[in-house]
Amino acid sequence: MRFLEAEFVQGFIRMANDGWEQGWHERNGGNLSYRVRPEEVESVREHFTCGEWQSIGTTVPELSKEYFLVTGSGKYFRNVILKPEDSICMIELDEAGENYRIVWGLVNGGRPTSELPSHLMNHEVKRLKNENYRVIYHAHTTNIIALTFVLPLEDKVFTRELWEMATECPVVFPDGVGVVPWMVPGGREIAVATSELMKKYDLAIWAHHGMFAAGEDFDLTFGLMHTAEKSAEILVKMLSMRPDKLQTITADNFRDLAKDFHVTLPEEFLYEK
Ligand code: 13P
Ligand code: ZN
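So, here's what we can say about the structure.

Surveying the vicinity of ligand 1 reveals the residues N28, G29, G30, N31, S73, G74, T113, S114, E115, H138, H140 and H209. Separating an oxygen atom of ligand 1 from a side-chain N or O atom of N28 is a distance of 2.8 Å. At a separation of 2.9 Å, an oxygen atom of ligand 1 approaches a polar backbone atom of G30. Burial of ligand 1 by the protein chains amounts to 93% of its free accessible area of 300 Å².

On the protein side, the zinc ion (ligand 2) has H138 (NE2), H140 (NE2) and H209 (NE2) as donor atoms, found 2.0 to 2.1 Å from it. Within one chain, the residues donating to the zinc ion (ligand 2) are spaced in sequence as H-x1-H-x68-H. Of this pair, H138 sits in strand β6 (residues 135-139) while H209 sits in the loop between β8 (203-206) and β9 (210-215), and the two are 71 residues apart along the sequence.

Turning our attention to the side chain of S87. Tracing the backbone through its elements, the reader meets S87 in helix α4 (residues 84-87). For S87, a relative accessible area of 1% gives the class buried. For S87, the residues in contact, after removing those within four places along its chain, are T71, G72, K75, N79, V80 and L106.

With that settled, consider the packing of helix α7 (residues 155-165) against helix α10 (residues 218-241). Axis separation between α7 and α10 bottoms out at 8 Å; the angle between their running directions is 85°. Accordingly, the angle class assigned to the pair α7 and α10 is roughly perpendicular. On the side of α7, the interface is formed by E161, L162 and M165, while α10 contributes A228, S231, A232, I234, L235 and M238. Tallied by class, residues from the contact of α7 with α10 come to seven nonpolar, one polar and one charged.

Cut-offs and rules
- Residues numbered from 1 in each chain as written.
- Chains lettered and ligands numbered in written order.
- Predicted model: local features only at pLDDT ≥ 70, side-chain atom pairs only at ≥ 80, totals over all residues.
- Heavy atoms only, no water.
- Near = heavy atom within 4 Å.
- Polar contact = N/O pair within 3.5 Å; in protein donor to acceptor, adjacent residues only side chain to side chain.
- Areas by Shrake-Rupley, 256 points an atom, 1.4 Å probe, with all protein chains shown as cover.
- Donors = N, O, S within 2.8 Å, 3.2 Å for Na, K, Ca; no water.
- Helix = DSSP H or I, 4+ residues; strand = E, 2+ residues; numbered from the N terminus.
- Buried < 20%, exposed > 50% of the residue type's maximum accessible area, 1.4 Å probe, protein only.
- Contact = heavy atoms within 4.5 Å.
- Axes fitted to C-alpha atoms, helices over the stretch in contact; angles between N-to-C directions.
- Parallel < 35°, antiparallel > 145°, perpendicular 65-115°, else oblique.
- Nonpolar A, V, L, I, M, F, W, Y, C, P; charged D, E, K, R; others polar.

Take a look at the structure:
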């Protein structure tokens, strides 16, 4: 099978393009990674040409010898669908989870996303909790970013406000949303802070920067990002009309919803306002 014909590669490319069409990926903004299944690795192995081992910049021992499809650093999401072999790559991790090497892609040179430490540390945390998690997605979601200038940077505030703006939200992300204060992107420090939040949540907001989402497949992960960002858009619209709400979904409404939709909503987010 040709590398680009593999279903997981097609799914990856489609998701990148969907994000571009949403307007979340100006220039080279955002990045995407997928932890490839062993049988998927075998289906494309004949196309591998292995590059030099390079340092990841952090250690992810639980991801020893795993393969990932990732966007390239400085590459534009709008080009992924047109020139995937130039924009994305597949990497293999070494036994210690300290180094990676490119086995396919980035044909004109380059390296995986500068957020590789965050992606891999998030994958590690998620995999330890649930082997089925395979996708980590970072997007520069406009409305979430706008809200990080006006709401307190607290998990409980963002979770409750996003839940209130769309009834589906507590069902789609019942665990809530975490918030990382502004930090320098691209390194280990922000990766540690983000992966700490990923132990509890599937969504982490980077103040004045964007959001990370984790999920089992491309649909769930894109859908999660989309749902949270849409809710943020409604909140931005509401705040633009007037500073307060005339009516909203109450803490008791959420408790009723939780019962009927069989989700557990932590009481820490159902505080009286
Ligand atoms: P990369 O081009 O290195 O993926 O960086 C984009 C980005 O969004 C950094 O946070
Ligand atoms: Zn970014």
